[in-house]
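Observations on the model geometry
Each chain, letter by letter, is given below.
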Amino acid sequence: MALFKVWESFLDIIYPMDIRCILCNETGEGITNYGICKACLGDLPFIQPPYCGKCGKTVTRQGELCPDCRDSNHPYKEGLAIFEYRDGIRDLIHRYKYGGEKYLSMPMSRWMTKGLKTRNWSFDFVVPVPLHPARLRERGFNQSQLLASRISRDAGVPLLDKGILRIKNTPHQTKLNRQERLQNLKDAFAVREKDRALGTIQGKTLLLVDDVYTTGSTVGKCTDILLENGAADVYVITLAAGTYV
Amino acid sequence: MGERIKRPIIWVAFAYIIGILAGVLFRWGLAYFYMGLALLVLGAGLAYMKWRTLSLPLLLILFTLAGAFNSYMNSIPDTVLDDLLGQKIIIRGQVLELTGQSESKQSFIIEAHSLEHYQKKYNLKNRIKTTVYSNFDNKQDIMIKAGDWIEVEGELEKPQGQRNPKGFDYRSYLARRKIHYVLGVPQRKIVSVEPGKFPWPRSWIVHMRGFMADAYDRYIGGTPATLLKAMTLGERWALPSEIKDQFAITGVAHILAISGLHIGFLVLMLLWLTNKLRLKSGMAFIVQGIVLLIYCAMVGGNPSVVRATVMAIVLVGGRAIGRKADSLNSMFLAAFIILIFKPLDLWEVGFQLSFGATAGIILYSKTFSDKFKRLPRNIAGSLATMASAQLGTWPLIAYYFNIFSPVSFAANLILIPIAGIMVTSGLLFPILVSILPILASVMGWWLWWICSLFIWANKWLSGFSWSSLSVVSPNLLFLTVYYIIFFIMSGQRPRWIKKPACISGILAFTLLVSLIIAPIFDNNFKVVFVDVGQGDCIYIRTPDKKHILVDGGGKPPGMGEFDVGKEVVLPFLLKNGVRRLDLVVMSHGHEDHMMGLIPVIKDLKVDAFLEFPPWEPTDGYKELKGLAQRKGVKCLIGKGGDTYRIGRDVFIDIIYPVSDKNLLEGLYENNENNLSLVMNIRYGDINLMLTGDIEKGVESYLSEHWNEEVSVLKVAHHGSKTSSIKEWIKVISPKVAVIQSGKNNFGHPNPDVLERLEEQGAKIFRNDNSGAITFHFKEGRCRIDTVVNE
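Because the structure is predicted, anything quoted here is derived from the model rather than measured.

Cut-offs and rules
- Residues numbered from 1 in each chain as written.
- Chains lettered and ligands numbered in written order.
- Predicted model: local features only at pLDDT ≥ 70, side-chain atom pairs only at ≥ 80, totals over all residues.
- Heavy atoms only, no water.
- Pairing = 2+ DSSP bridges.
- Helix = DSSP H or I, 4+ residues; strand = E, 2+ residues; numbered from the N terminus.
- Axes fitted to C-alpha atoms, helices over the stretch in contact; angles between N-to-C directions.
- Contact = heavy atoms within 4.5 Å.
- Patch = residues over 30% accessible without salt bridge, like charges linked within 9 Å, V, L, I, M, F, W, Y side chains within 5 Å.
- Areas by Shrake-Rupley, 256 points an atom, 1.4 Å probe, with all protein chains shown as cover.
- Salt bridge = Lys/Arg side-chain N within 4 Å of Asp/Glu carboxyl O.
- Buried < 20%, exposed > 50% of the residue type's maximum accessible area, 1.4 Å probe, protein only.
- pLDDT = per-residue confidence, 0-100.
- Parallel < 35°, antiparallel > 145°, perpendicular 65-115°, else oblique.
- Left-handed = near helix turned anticlockwise from the far one by under 90°.
- Nonpolar A, V, L, I, M, F, W, Y, C, P; charged D, E, K, R; others polar.
- Buried area = accessible area lost by both parts, 1.4 Å probe.

**What about the sheet that holds strand E2 (residues 125–128) of chain A?**
All names here are of chain A. Spatial ordering of the open sheet is given by E1-E6-E5-E2, a layout of four strands whose pairing is parallel. The open sheet has two edge strands with one neighbour each: strand E1 (78–84) and E2. For this sheet, the mean angle separating the axes of adjacent strands, direction not counted, is 20 degrees. Sheet topology note: the E1/strand E6 (residues 233–241) ladder contains six bridges and is parallel. What sits directly across from Glu-84, in E6, is Ala-241. On the sheet, helix H10 (residues 217–228) packs against strand E5 (205–213) and E6 and is oriented at approximately 160 degrees with respect to E5.

**Digging into a nonpolar patch on the surface**
Residue and element names in this part refer to chain B. Judged by side-chain polarity, Phe-509, Leu-512, Val-513, Ile-516, Ile-517, Ile-520 and Phe-521 come together as a nonpolar surface patch covering roughly 730 Å² of accessible area. Locating Leu-512 in the fold gives a position in helix H17 (residues 500–521). The exposure class assigned to Leu-512 is partly exposed, which follows from its relative accessible area of 49%.

**Focus: the confidence of the model for chain B**
On average, residues of chain B score 91 in pLDDT, and 97% of them reach the 70 mark or higher. Two summary scores accompany this predicted model of the complex, namely pTM at 0.91 and ipTM at 0.87.

**Points about the packing of helix H8 (residues 260–276) of chain B against helix H10 (residues 303–321) of chain B**
Residue and element names in this part refer to chain B. Packing of H8 against H10 brings their axes to within 9 Å, and their N-to-C directions diverge by 30 degrees. Taken together, H8 and H10 sit at an angle that is classed as roughly parallel. The handedness of the crossing between H8 and H10 comes out as right-handed. Packed against H8, whose contacting residues are Gly-260, Ile-263, Val-267 and Leu-271, the element H10 presents Val-305, Arg-307, Ala-308, Thr-309, Ala-312, Val-316 and Arg-319 at the interface. Along the lines of polarity and charge, the residues of the contact of H8 with H10 split into seven nonpolar, two polar and two charged.

**Things to note about the interface of chain A and chain B**
Taken together, the contact pairs 27 residues of chain A with 28 residues of chain B. Carbon and sulfur atoms supply 48% of the area that chain A and chain B bury against each other, a total of about 2,400 Å² over both sides. Glu26(A) is the partner of Lys366(B) in a salt bridge, and the nearest nitrogen-oxygen pair spans 3.1 Å. For the side of chain A that touches chain B, the elements supplying multiple residues, two or more each, are helix H1 (2–14) and helix H6 (133–139) of chain A. In terms of residue count, H1(A) provides more of the side of chain A that touches chain B than any other element does, five residues in total. Looking at side-chain class alone, the side of chain A that touches chain B contains 12 nonpolar, six polar and nine charged residues.

**A closer look at the pattern of salt bridges**
What the rule picks out here adds up to 39 salt bridges over all chains. Note that Asp87(A) is salt-bridged to Arg86(A), the shortest N-O span being 2.7 Å. In this structure Asp87(A) comes out as partly exposed when scored by relative accessible area, which is 40%. The salt bridge involving Asp582(B) is made with Arg580(B); its shortest N-O contact spans 3.3 Å. Residue classification places Asp582(B) among the buried residues on the basis of a relative accessible area of 12%. Put simply, Arg580(B), Asp582(B), Lys605(B) and Asp607(B) are held in one network by salt bridges that share partners.

See the structure below:
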């Protein structure tokens, strides 16, 4: 751990993190650890109460479910999204996933950890939504895994890195409707043989981490496979929730 | 320190740089260093005991001391071989790299392993810059390559140091490359050349270079291949000098120095490649890093390459580990790393230009691109990059090269995209050659066209009369103030500077005032006997700032490629603030007096030209005269009895050639030297006698017609034995005699002449011993400065 600290402070010298706002790229006061300036922070679409009691998206009245959750019965216990998927956040996620700007996982996971504190959840493991190895090679890294590992470190809860495996390389979800998405994801996930034999998640509560929540099909399928393998409960945290149109 | 420091590396690098400056400028001894270190350790210990922390100021002092120590250690001159200077020696060693090639000579650096002197053999390890001169009777091509073992016999010398005020110091330039001796070798004295190899990995790198150069030569050939070698391998020396000059004029010489532009293209290629290969980020970084390092080693670690490589590695490394590179921070990191290994690189022009351009782009490209918002995005981007790089470099370019190129904006805009194509395809070409040899000739043909187009476009752009202007060097105060303002007016200024515009205004105003006031106190009568090697050149400045140049040195055409006027006289004038000459005098029509005046009249504003026209004009003279007439310079013919008044209180009395044609014909003796203008330049009771190249006969005639003693005599004809007769010296009995001679085969100055002058009580100054000699006359006092004080 001490060695890690030394390495981190060495990196801090080579890569100072307190210089520019990650959104507007201007220098400013009080920007730390790839932070954001006051002006940009004000413009971010934080999800404020009232939010859907199930998935955490914005709704009109507290205690009400969103139309999406009313139609379908999500298997997870409760979900939390920090932002609405639009504006600056949309750009940030895009730069993060496709522009190779991995450092953005730092502010993102910070927001997520902070959001987590507003809920009274307790869980035993942090589990990222997996990426198929082929997709991983294409992108170079798993965006959810990076977020999950940071959340795990910040929250002090162990990370179950390969808690779920993606065994089918499915096409991108973005162009599909809800029904197609579910079909698309059929038999896409599995749990490691080792974990099944050891019963790693038997009776445990898990926190599932993903970057964007749209219809909830991905996290739903992941939850299914976790519950099938004996998990007691699954919470879901995502950076942003998009409205499916 | 109330606030946390955001970029500690900048502070550390600054402290270290200040240390380097202190180490060289004040020549701190080691004793001071150890005293400082002891104090520091003591202080650090106390501080740690008290606050449990090593405070920043202590850290900064530590780095300042480290800088001072490092630069001090690096500037100790090597004197191992000083005993052998001027002696014929045989050295055997390995050729490290080639540095130059022309019609008549070839130069390279030898790492000498053994040395032979009078049958005695010594082992050593010393870098020696060797130049092989081919003579005309025995001209044959010897191919010398890096890695070869070579044995040569020649005369060992120290590199020439600074010769003129603000002139180029070749000795320091070589010393920064760990070379302290030069060896001149006639071609027939090459004892042996054997092919050799470097130890791994250098052998491999040399092999790769050779492979690339070979591909260019075989499939492209000609000047385009040479240009590509310069642009991708850094072999600039092989380029014809006229092309190099054209690049300097158009302000795109930076394309020839491998730097950010080239490394940038390489990084883009690598990112694309590792992405296509689907490499994981860690692996991708390793591949990118290794390729960058190999390339850096391949093209030789110039400061600009190392700077770009360090910044590129930090950039791609950030992508791999999930961090974001901050370019300003990376820039200072690169500077710090370079200066740890080579602290004296701070004085390298390439270092300063590279960091000036980078700082400009980092600090100002956004400001400019905001200004160009209405243009299409990529054009606005390139324009902003160019403008900001210019902002960071123009004072340095003016200072070192005395050039300001208005055309550079257009030239960069047109040429950089072509250069991009050339660099990327140039780097890929050798790979293509090895995979698909069939395509090589087609690609080679295409590259040849691109390169030719590039050379042609550059030549065209350099051809306008307004393409570049000769400018005087800004002084150091100007540079300092400029770069302070440059820094604090940018968005990256330290936050404790609250009112940048206000501070900048005050600084600029102070500078302006000092630039106006300083010349008022600089009001002496100044005479500089410029060191132009073998030849005459005298610069005179009157107290009221009139500028006179008498002769400009030079060589007859075909006697070596070195252009004294362009390389010595013009830089001397421009670096010392002279852009306009009130009067240029040609003493007579010989090349060692007038060839150097051609670039002066071409590039500077000259009001009047004074001469006595030669009776047998040379081609060089005709060129000079034609040029003067074309440029509308007022041409005056001087003859005995004329007096010119220059400014308020300086007079030129012409005492020869006499106007009596018959008398002159008698004195002429079929020798142009005897038509030299002899002038007595008067300022108060100071007489300055300039005699050109007059010989015995004229001197004897003048001895009977002149009867005033002089303060300073320019000894006739470089101290030749055919001049300076006893009676003439006796008549003028100079207090100081100056001999303008350099390395020559005529035996100038003649020992008898020196004796005669000393007998008359003259103190002798010689350009070959002292470099330039400067006289400052003020209120009856005279101060004499020499550039060389050995």
